[in-house]
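Chain by chain, the residues run as shown.
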Amino acid sequence: MSVSVADAPAGGVLQVEIKKRSKVPGVMITQYVQELPHGKTTPDFTRKPIAATVQEGKNAVFRAVVTGEPAPTVSWARNKGDASDPEKYKPKYDERSREYILEIPNVSGAQADTYKCFATNSFGKAVCTATLTVIEAGFKKKKDNTQNDPEDFRKMLKKTTVVKKKKKEKPKKEGDIDPKFWEMLLSAQKKDYERICREFGITDFRWMLKKLNQMKKEREEEQAKDGEELEYSKGADDSSKHSMSKAGDKYTFSINSVGLQDAGLYQVDVEDATIFSTDLKIPDVEFDGMLKDAKAVEGQDALFECVLSGPAPKITWCAKDVSVEHGDKYNITVSEDMLTHRLVVKNCTPEDKGVYAAIAGVKLSKASLTVEAYLFHNGYVLHADDPNALRRGQSGADDANSLARLRKERDEAGGKSQAESNAAAKAAGADGGSGGSGIGDWTGGDKGGRYGLGKDGSGGEGLGRNGSGQGEQGKNGSGQSGLGRDGSGTGNGLSGGGLGSDGCGGDGSLQDGLKDGQLFLIKMSDIYAIRGQPAELMCKLTSGDYNGIWSKDGEKISSKPGLTTSKEGDTHKLSIQCCKDSDAGQYQFEVNDCQTDAMLAVGDAPEFDADDLKKFSNPVIIKEGQTASFKMSFSPQPSLEIRWFKAVSELLDGGGVKVVKEPNHSRLVMKDCLRSDSGEIKIQLRNKFGTVTAVSTLIVLSKPSPPKGPVELIDSTDNIIEFKWNPPKDEGGSKVTNYIIERQQVGQSTWKKMSDVSSDRTTFRDKNVSHGKRYIYRIYAENPEGISEPLETGSIMAVFPGAPAPPKVVSAFKNCIHLEWTPPEKDGGTKILGYQLEKRKKDTNQWIALNPVNEPIEALKYAVKEVSEGSEYEFRVSAINASGAGEPSGPSLMVCAKNPNMKPHFKDPEDFMVVRAGNSVRILINYEASPPPEITWLKDGAPVSPWINIINTEGTSMLVIPNSKHANSGIYTIKAKNSSGQASFDIEVRVTDEPKRPGPVSLEQWVHGKVIITWAPSPDQELDDRLHYMVEEHNSNSRVWRTIADRLFCTTHTTNVQSGQEYHFRVYAKNDMGLSEPSESPTWGVNSDKVSPSAGVSTMITFERPPSILVPLKVHMPPKGYQCYMTCAVRGCPAPNVSWYQNGICIDSNHHYYITNVHGVCSMYILRVMPDDEGEYKVVAVNSFGKAECSAKLQIKD
């Protein structure tokens, strides 16, 4: 990102230009302000225009999608010309896809250029480029210069000026390059690169080509629609959206179920070249039939329907601005002609209310859905969402207020007098007839009314038929049946009693006021029953508490043989087992002065005669171009509807179709039939009682369709080509008899008939081909009606295999490059014998074979050793069969012969070394690293002394100490570091001599049969922590020396002895250099130092002794973060109390250390040592007879 600041005028705002890159490659953004306000953004491209290659005379289209707040303004420009001509350049904006489009109609060669797209708003601008390449139609010859007229020659003359020789300029860096330089290179051919670089003073061609290739990769895609790569299946596949099929050298790209969203720019790229682009346009459709508002009752379905002006397989449906799909809640259907689209909202709920929309392209149609929810009160259903459910009209200026006031007085009527009730009633109906149709048509009426809030008046005789009733409160409470005789619903009123004997009204406010439809949830429907078949009438009430009365034509009916009435909860049914003409009539069901009625009609469904039906079912077979005729007879019936169908499409009179309808028969005539007219032909008869259908078949015979590709090559040798194909998709109504094969040699114009192949074979073997020649074949299918169109293959060449994939570089070193590759998809019909590998050095044009054709490489990998260190190479490979080498593969990536960058790695080093004092120390370490690492040696964490020799060669490093001393012992560390990383390794070196012999040896016996051997330590024990002891025994029985103990780190050992034998013991000190001279013990056994019990005198034996250290602590030097385990052995009687100390501080209660004491073996464990754990550790053992201690140091290595 770069920032530049422009000088601001006095009192003005400082303007900056901040350059930054977009997330979209190839887009540069310039920001005009230092900090963007909240919610504001600079322009940017979410989809930039892509490079296009268009044939001359076609249309070129660039598309871009931009973002920014505020919305940016988009403009277009050319690099080498003017793009303002509205006839040649047509910028526009597509609201549907939100794309900015530059359309260039009828492209000419002069319009090939680099085009820029600018997006600008008040906070910045964004710019990107796209290249237009124009392919000239045909070949244009250059004009001969000799034919130019003098006027043209004069135009070619240029003015010559003398230019002083300038000093050679240094190559410009990347940051100093004019942006026009890159734009010219992107639109230029390779042959012009040198000229353009010379014009701009560029001399570093290698850097230029690398940068140019990087910019091209950002702009090109393998195959894209509007810059987005498409996935497609190979071959003809109706199940996928996109498919690519190949027939010879022809490629066909198919889009199944084309929709409005498929419009856009399609482009095909092969390798690095754009070879084709085209713009797919789909006409916009209009709404011939808009959506209409829908209303549904809760629990019912709602339907939205629209009609389009043109076919569309799919449109977008939205519910409350959210896209919906076909599923459990929504049912989306499309008519066969794809013009009528329907959306069904299933099982509506109040949450489904809202605006629904149908979107077809850029066109939109909206409608609203209203859902009426039911409110149940005392068994009555009221529409809660309908403002007119309780009021279907205004009853006067103050009827609403009067009604509310009466309801309130009714609720408080128990504490009011009759006079107050009469006043309220008078207020409600002061002027008879002022009402109209209020609640259930009961708020109007004559002045005063009669029955309270009665049917025709808003007044009445007080609030009830008998005044305020008996005993002030009334006999039956506040209303026996409600507020009026014909009140606001059906049933028994809003409450149980009234203010008088009949409450506040005559028969109740909800008894008769609610209409029939509000008592019935489901009313009866008219039924057309077939004579002799059962029929059923059904209705459903709002509650199961009611019993109704069935009647027919005004006469009550009840269950009888053949006719039954039943009730299941709130559902009432009337069933007729076998319908007769006498059963026809008007049926009613009445409950509480409400009724529903329906008509039952009895008749016969249409039917065909069995012989006519059998005759009609026979297929009609004709040849293409002939006329097909169908006839069907039937019995005359009134109101009979006759329809003809082909498959599911109805056939109407007109064009080549003639439909004749007579009372007792119907005929269908189809003229000039085509093969596509073959199929199922149906006639349908329909009346109110049913439908009957007869089916026949039309077979139109014609020549078959072409055989189905693609052609598959089975075998290919120097004199044979064998291939196969698939049978035709449509045999033309009759079986294919044979296939005809023709052949043409590429470069010739004549076709030669090769053979007739029987229909049961779909393969052909051509045995008469020439070596290396290419051939094209045509395959025809033949049946009795004729010969099909041909299936033409691409050019097929015998013998040679196809090209393998480009080799891949597995690894590269300075003297060897490892390659591998995959075999070709086509082997030419014969076994591949091997491969020929070629190399080409960078900046050369010569390919050098690494092996001759007669010595093929059999494996799919090869190690190329013929390389020079530091040189760059690319490789290609050719497959070899019996006829020779085929086409070479594409070149591999350029690779340099050098060792790959590698972190240093040591090869099998030894971590311990023992050297005799005075000898030389030689530590040799082998390693692998690239580039060569920097080697450093350390001793005990510090640099080694300068007099120690360090010898470094390629891959090895050696440390040499000519004359070693004990002081040279320690930990030597080698460190290797390069740009890829670093590694280190520790080697412990011990400089020592043979140890000195141990001190005097003494023998003790405390227990019969046991002898304790004790000796003084060797003088070298303090200097060598690896020094230990070995004990040998010689007895008078065996008379040989044998080892009874080894690797003893203590100075005592207990062994078994037997009475009557003489024993000698000797002790050796032992280290990494060998054994010391032995220290021998005095003789033991027979008569010397023998323990003999005293006769008659009891001997008191005691084991009490002060503590002693059997095995002392050792020095430990673990790395940081590693575990540490320190141990020693202590004895004493009684058992001593053992304590651990670090630098003089007791650590027995510190949980950082895990301390144990098992039978005198004392251990201390540290899980992960840290620098704080360094120091001197001491073990102190104390009992009543004395104290013993030992110590050792703990050092932490980094």
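Residues numbered from 1 in each chain as written. Predicted model: local features only at pLDDT ≥ 70, side-chain atom pairs only at ≥ 80, totals over all residues. Heavy atoms only, no water.

J.: Just checking my understanding: could you explain the state of the cysteines for this structure?
T.: Disulfide: a covalent bond connecting the sulfur atoms of a pair of cysteines. Inspection of the entire model under this criterion finds zero disulfides. Here Cys-128 stays unpaired: no disulfide links it, and the sulfur of Cys-117, its closest cysteine neighbor, is 5.1 Å away. Accessibility expressed as a relative area gives 1% for Cys-128, which makes it buried. (Disulfide = S-S within 2.5 Å. Buried < 20%, exposed > 50% of the residue type's maximum accessible area, 1.4 Å probe, protein only.)

J.: I tried to follow the side chain of Glu-838 on my own but got confused; where do I start?
T.: Turning to its location among the elements, Glu-838 is positioned in strand S58 (residues 834-841). The buried category is assigned to Glu-838, whose relative accessible area is 12%. Residue contacts for Glu-838: discarding those within four places in its chain leaves Trp-847, Ile-848, Ala-849, Leu-850, Glu-874, Phe-875, Arg-876, Ser-878 and Pro-888. (Helix = DSSP H or I, 4+ residues; strand = E, 2+ residues; numbered from the N terminus. Contact = heavy atoms within 4.5 Å.)

J.: Looking at this model, I keep getting lost on a nonpolar patch on the surface. Mind explaining?
T.: Together, Leu-521, Ile-522 and Met-538 make up an exposed nonpolar region whose accessible area comes to about 220 Å². Summarising the element assignment, Leu-521 is placed in strand S30 (residues 520-522). The class of Leu-521 is partly exposed, set by a relative accessible area of 35%. (Patch = residues over 30% accessible without salt bridge, like charges linked within 9 Å, V, L, I, M, F, W, Y side chains within 5 Å. Areas by Shrake-Rupley, 256 points an atom, 1.4 Å probe, with all protein chains shown as cover. Salt bridge = Lys/Arg side-chain N within 4 Å of Asp/Glu carboxyl O.)

J.: Please clarify how the pattern of salt bridges should be interpreted in this entry.
T.: Once their charged atoms are close, side chains differing in charge can pair, the charge on each being opposite to the other. According to the stated counting rule, one finds 38 salt bridges in the structure shown. Here Arg-990 ties to Glu-988 by a salt bridge, and the two come within 2.9 Å at their closest N and O atoms. The buried category is assigned to Arg-990, whose relative accessible area is 11%. Of the residues examined, Glu-988 reaches a relative accessible area of 25% and is grouped as partly exposed. Overlapping salt bridges, with partners in common, bring together Glu-988, Arg-990, Asp-1024, Asp-1025, Arg-1026 and Asp-1072 in one network.

J.: Is there a simple way to explain unusual backbone geometry in this structure?
T.: Trans is the prevailing form of peptide bonds, just as negative phi is the prevailing case for residues other than glycine. Across the junction of Gly-709 and Pro-710, the peptide omega takes the value 0 degrees, indicating a cis bond. Here Pro-710 is to be found in strand S47 (residues 708-716). Cis rather than trans, the peptide bond between Ser-930 and Pro-931 has omega equal to -5 degrees. Its location among the elements puts Pro-931 in the loop between strand S66 (921-930) and strand S67 (934-939). Backbone geometry at Asn-347 places phi at a positive 50 degrees, although glycine is not the residue there. With respect to the element layout, Asn-347 can be found in the loop between strand S25 (340-345) and strand S26 (354-360). Residue class for Asn-347 comes out partly exposed when judged on its relative accessible area of 48%.

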